[in-house]
Amino acid sequence: MSRGDAKPLTADDLPKDWVANATSDLKGADPWGLATSTSDGFTIKPVYTAEDHAPLTELPGDAPYTRGIRATMYTGRPWTIRQYAGFSTAKESNAFYRKNLAMGQKGLSVAFDLATHRGYDSDHPRVVGDVGKAGVAIDTVEDMKTLFDGIPLDEMSVSMTMNGAVIPTLAMFVVAGEEQGVDRAKLTGTIQNDILKEFMVRNTYIYPPEPSMRIVADIIEYTASEMPRYNSISISGYHMQEAGASTVQELAFTLADGMDYVRAAKKRGLDVDEFAPRLSFFFCIGMDFFMEIAKLRAARQLWSRIMTDMGAKDERSKMLRTHCQTSGVSLTEQDPYNNIVRTAYEAMAAVLGGTQSLHTNAFDEAMALPTETSARVARNTQLILQHETGVTRTVDPLGGSHYIESLTEELVSAAWAQIEEIEELGGMTEAVREGLPKRRIEAAAAERQARVDNGSDVVVGVNRYQLDDPVTVDIMEVDNTKVRAEQVAQLDAIKAARDSKACEATLSALTSAAESGNENLLALAIDAARARATLGEISYALEVAFGRFRAAPQAVSGVYGAQQANSPEYQQIKTKVKHFLDSQQRAPRLLVAKMGQDGHDRGAKVIASSFSDLGFEIELSELFVTPEEVAALCNEKNVDVVGVSSLAGGHKSLIPALIKALQALDRSDIAVVCGGVIPEQDYEFLKQAGVAEIFGPGTSVTDAANAVLGQVLGERRNR
């Protein structure tokens, strides 16, 4: 048979028993045991044929852009290599950026410290342990100018991951450009500005949802008229997957967020085609290789449909452009060099899915900020992918794969069903207000943890193929005390040198506009930044009008326990907890706490949920509390153990402060344990400070529960 005579393979070409047993939907009987299931609940068949999907008639660059938003894609120009980075001071980060750019990086992606995210200056008493950790500290325009010193802002695309303090951060970026001699109309890059996601997962919000949505619209409005080359929003699913969302949840909730942002801008009287071409997206790429490829294809198809329905006429408004980042939560502390392999596979999935830019995580980020060496490996992963693998030779190389096309269709259908459910509630802003997305993501996270703990999901080096001897790697450590002292000294100098009356006038104008709703807040914040108002002062000027949002701590229940019902280890711990309850006439009490400005609460919520299912009495602290506030809550609730979740590097300052605060209350009987992103090199320091147990990334819940229960029993014997 000649090549031209070949026919697509169909079910008719397979043996009859194969058709019966292997190409059915496999949700019923599966006598051969060939069906598999993803963590999303998708049933994966062992073979796919042309009958599993609609015929592929679309070309790359054609609506609805399933196969890519450009006809030539990487054959004309590869994706942009970005590395998300920032630490310590602006001077330190600038040196790091310039070195990376010289080594082949093509765009900047700025990580800010948590004090900056939450709208606090470095001298604020609530951010003592956060300054310069997990990102760069930015207090003033001078910091922003230093950050981009020697980097021409009319040539360099700058992405800034900022949501809560988005107004002062973008204002300072504009002023830094001006004082570098770059007109704002020439600035290129992206500001994240995706506040709805923050109320679901990452929690670096400042103001309540309603005024936060006004800020989003103000930025879209201002950039549409004044900064035509700048992307006004990056609608992010990344942090949803990192918080535990399923693939369908990440896809549906992200696009639903985008729909509400479009509505907010249209309410300002903007025509959709005035701003929609500058909207962009940001997705996480995890280890489910083919599912992640299909997710990006499905996202483009769905966004084209959504924007058509919302009145877009310009095809650019219908094109979903996305940045991707490899998964942080897939990185493990155990056998950490495995993370290089994980990141490479995830990067390949992002590229095969058609991303426009990509960040690859460093292998040591499960423990600390990346070192210069690990950052080089991460960057070179992309360079090797671009130049050595041949992936740029053709567009959508997996297009037409029966498996990929079928997965894409399934994801489109499943995500659309969830989008319709959100629309029935009145849109994502209303759904967020009701807490629906947050509850579902937390349930998915608890289920995922249970699947890892019981071995259903294999993680090499964690629950299978473990090393006998742990691997130690060099890590980067930021001297938080030194950085904070430098920032405070610079703040004092700038405040002393500025025209105080002029500065106060700009801040008063900002508060008045926030109260009246009559002027664009970004435009007024730019005036304040020129007058050398600090980031904290600009944020507070808005807080006077809007207030500061506080979320009520809650956790799901029943999900982890249902997954572990047949686990002997789990049942043994439940029995021990029951014995304690019977003997003491109460359950063991655990307070799960987050201190500092770190809002990543996946680990804390999983522990609270799973320990509750085991029979512990659980208390959850609010987010963003101080060590003294946690100690007071421990005393008030009379807990046996306090468990601190730490993901942002503040453990060496915040946890010893908590232990001292407990001692001051004469409650040294309360055991302190901690878990999260804590380098093994810091374990001895924490134990010397009085920490009873430390649980690194990858620790199973059952192991942690056994250890915590041991602390409770030990404390009871010593009382």
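Definitions and cut-offs
The numbers attached to residues start from 1 for each chain and follow its sequence in the written order. Local features in a predicted model are, by the rule used here, given only for residues with pLDDT of at least 70; side-chain atom pairs are given and counted only at 80 or more, and totals for whole chains, interfaces and linings are based on all residues. Side-chain figures throughout are based on the complete set of non-hydrogen atoms in the structure, without hydrogens or water. Only DSSP runs of H or I reaching four residues or more are called helices, and only runs of E reaching two or more are called strands; each is numbered from the N terminus. The size measure is the radius of gyration over C-alpha atoms, and the globule rule it meets is 2.2 Å times the number of residues to the 0.38 power. With a 1.4 Å probe rolled over the protein chains alone, any residue whose accessible area is under 20% of its type maximum counts as buried; one over 50% counts as exposed, and the rest are partly exposed. Any two strands with at least two DSSP-identified bridges between them are counted as paired. Axes here refer to lines fitted to C-alpha atoms; in helices the fit is confined to the stretch in contact. Angles between the N-to-C directions go from 0 to 180 degrees. When an angle is under 35 degrees it counts as roughly parallel; over 145 it counts as roughly antiparallel; between 65 and 115 it counts as roughly perpendicular; any other value is oblique. Contacts between residues were defined by any pair of non-hydrogen atoms, one from each residue, lying within 4.5 Å. Throughout, the ten residues Ala, Val, Leu, Ile, Met, Phe, Trp, Tyr, Cys and Pro are labelled nonpolar, Asp, Glu, Lys and Arg are labelled charged, and all others, Gly among them, are labelled polar. A helix is expected to reach a length of 1.5 Å times the quantity of its residues less one. Any Lys or Arg side-chain nitrogen found within 4 Å of a carboxyl oxygen on Asp or Glu counts as a salt bridge. Seen with the strands pointing away from the viewer, any crossover whose path from the first strand over the helix to the second strand runs clockwise is right-handed. For patch detection, residues must exceed 30% relative accessible area and be free of salt bridges, and they are connected within 9 Å for like charges or within 5 Å for nonpolar side chains (Val, Leu, Ile, Met, Phe, Trp, Tyr). Using a 1.4 Å probe, accessible areas were evaluated by the Shrake-Rupley method; residue-level cover was limited to the displayed protein chains.

1. Quick look at the overall build of the protein
Each helix and strand counted, the protein has 28 helices and 16 strands in total. Radius of gyration (C-alpha) of the protein: 26 Å, near the 27 Å computed for a compact globule of 719 residues. Taken along the three principal axes of its C-alpha coordinates, the protein extends 85 × 70 × 50 Å. Among the 719 residues that make up the protein, the fraction classed as buried is 58%.

2. Some words on the pairing of strand β14 (residues 641–646)
Most of β14 is tucked away: 6 of the 6 residues are buried. Residues of β14 alternate between two faces, with V641, G643 and S645 on one and V642, V644 and S646 on the opposite face, all of them buried. Note that strand β12 (residues 589–594) and β14 share 5 bridges and pair parallel. The residue bridging L591 from the neighbouring strand is V642, located in β14. Where β14 lies against strand β15 (residues 671–676), 6 bridges are found, and the strand directions are parallel. Pairing of S645 across the sheet is with G675, part of β15.

3. As for the packing of helix α20 (residues 521–530) against helix α21 (residues 535–546)
The N-to-C vectors of α20 and α21 enclose an angle of 140°; their axes lie 10 Å apart at closest approach. If you check the angle between α20 and α21, you find them oblique. Each of L521, A525, A528 and A529 in α20 lies in contact with α21, whose residues at this interface are I538, L542 and F546. Broken down by class, the residue content of the contact of α20 with α21 amounts to 7 nonpolar, no polar and no charged.

4. Considerations on helix α15 (residues 402–424)
In a regular helix each residue adds 1.5 Å, so 23 residues correspond to 33 Å; α15 covers 33 Å between its end C-alpha atoms and thus fits that length. Along α15, the positions that sit buried rather than exposed are I404, E405, S406, L407, T408, L411, V412, A415, W416, Q418, I419 and I422. Where α15 is buried, its residues meet β2 (43–44), α9 (247–267), α11 (289–309), α16 (428–434) and α17 (436–453).

5. Some details on the pattern of salt bridges
Taken as a whole, this structure holds 46 salt bridges when the rule is applied. Linking R297 and E405 is a salt bridge whose minimum nitrogen-to-oxygen distance equals 3.0 Å. Of the two residues, R297 is situated in helix α11 and E405 in helix α15; the sequence distance between them amounts to 108 residues. Between D314 and R316 there is a salt bridge, with the nearest N and O atoms lying 2.7 Å from each other. With a relative accessible area of 22%, D314 lands in the partly exposed category. Overlapping salt bridges, with partners in common, bring together E178, R184, E226, D527 and R530 in one network.

6. Re the pairing of β15
Counting buried residues in β15 gives 6 out of 6 residues, a clear majority hidden from the surface. Residues of β15 alternate between two faces, with A671, V673 and G675 on one and V672, C674 and G676 on the opposite face, all of them buried. Sheet topology note: the β15/strand β16 (residues 693–695) ladder contains 3 bridges and is parallel. Looking at the pairing, G675 lines up with F695 of β16. For the segment spanning β15, helix α27 (residues 683–689) and β16, crossover handedness is right-handed.

7. Notes on a nonpolar patch on the surface
Residues M287, V341 and Y345 make up a contiguous nonpolar surface patch of about 290 Å² in total accessible area. By secondary structure assignment, the location of Y345 is in helix α13 (residues 338–353).

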